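Close look at the chain arrangement
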Amino acid sequence: MAFFGCQKVEEALVEEKKPVVVTEREGRLTVQAVKGEAPGTKGLAIEGDESTTTVLQSIWKADEPVKVFLGTSCIGTLTAVPDPEDAHKATLSGTVTTSGLVAGTTTLTLLTPRESWDYIGQVGKLLLKDDAENSIEKKYHYTRATVLVTEVSGGPVRTKSAFFANEQSIYRLNFLFQAGGAGDKTPVLAKSVIISSENGHLVQSQSADGSSLEEGPVTVTLGSASSEPFFVALRNGDETNEEALGFTVIDDDGVTYKGSKTIPAQYKPNGTFLNVKNATLTGRLGLGRSAAEVKEVL
């Protein structure tokens, strides 16, 4: 999927003016914002059923929060008022700390949906209606924009218009087991899944400006074991090279399955909706849980 956006940008700074440093503690900030037609925002909508849809829509939702960063410091929160004619557009407004902002020089980072940026604690749910606290829409569907401050004195703080880009891909997953890669395939009742990347650049957490980064496997823990498709948000620091994602799947009985799926290079860029239904796992490790009492240790 690709992002598309078109927004008229008006220059708010006359070239002859010198940059103005403001020393006020707080000020109102208003930003005109656009979200592209791709799965790139906290606000999500789908066409059809979650298990079969091929379309995720990016829209602004009323009062959606947007965090404002100067470097790594959060200096305020904006809220969205969607355009009633086109929910891909919105006006963002709120109060920010203005000390140290320089018109024509300072850039701000705008981040949704929350101040901390991490992919820890996912539960496999996509939309708010599926899980109001831990769904991807609520916590893990990050979008980011960088804007230049154009006016900081004599009224509200202003910036150029913002276009929010998706910072991760969304994968729809479920699994089948085929012993040794031959014979019948049977559904796996997945309870938890550990996802790793061959090139080692799955992002666990990072700062808003990208200056700090933690990479490693991402774990999804489902509320109940299921063979049905579930969703995970993955940000990959390697958006260029083909690579295999590795899956370690544990079922409700504690049996561990292993397998991998190669992701072609053209689907690696963040901002893609990938369907990995019925991925085949060929390895099985360990024993299931036993109800038998153990009376002695050998």
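Now for a description of the structure that goes with this document. (Residues numbered from 1 in each chain as written. Predicted model: local features only at pLDDT ≥ 70, side-chain atom pairs only at ≥ 80, totals over all residues. Heavy atoms only, no water.)

**Regarding the packing of aromatic side chains**
Summed over the entire model, instances satisfying the criterion amount to 6 aromatic pairs. Between the aromatic rings of Trp-60 and Phe-164, the centroid separation amounts to 5.2 Å while the plane-to-plane angle is 85°, which identifies the pairing as edge-to-face. Of the two residues, Trp-60 sits in the loop between β3 (56-58) and β4 (65-70) while Phe-164 sits in strand β10 (residues 162-166), which places them 104 residues apart along the sequence. As far as the burial class goes, Trp-60 and Phe-164 line up, both buried. Site record: aromatic cluster; members linked through ring pairs are Trp-117, Tyr-119 and Tyr-142. (Phe/Tyr/Trp six-rings, centres within 6.5 Å; stacked < 30°, edge-to-face > 60°. Helix = DSSP H or I, 4+ residues; strand = E, 2+ residues; numbered from the N terminus. Buried < 20%, exposed > 50% of the residue type's maximum accessible area, 1.4 Å probe, protein only.)

**Focus on the pattern of salt bridges**
In this structure the tally under the stated criterion is 8 salt bridges. Notably, a salt bridge pairs Lys-129 with Asp-130, separated by 3.4 Å at the nearest N-O pair. A single salt-bridge network, built from bridges that share partners, covers Arg-144, Glu-167 and Arg-235. (Salt bridge = Lys/Arg side-chain N within 4 Å of Asp/Glu carboxyl O.)

**Brief notes about the sheet that holds strand β21 (residues 283-285)**
Across the sheet, which stays open at both edges, the 5 strands sit in the order β16-β13-β18-β19-β21 with antiparallel pairing between neighbours. Two strands lie at the open edges of the sheet, namely β16 (218-226) and β21, each paired on one side alone. Between one strand axis and the next, the sheet turns through 25° on average, direction left out of account. Pairing of strand β13 (residues 190-197) with β16 involves 5 bridges; the strand directions are antiparallel. Pairing of Ile-195 across the sheet is with Val-218, part of β16. (Pairing = 2+ DSSP bridges. Axes fitted to C-alpha atoms, helices over the stretch in contact; angles between N-to-C directions.)

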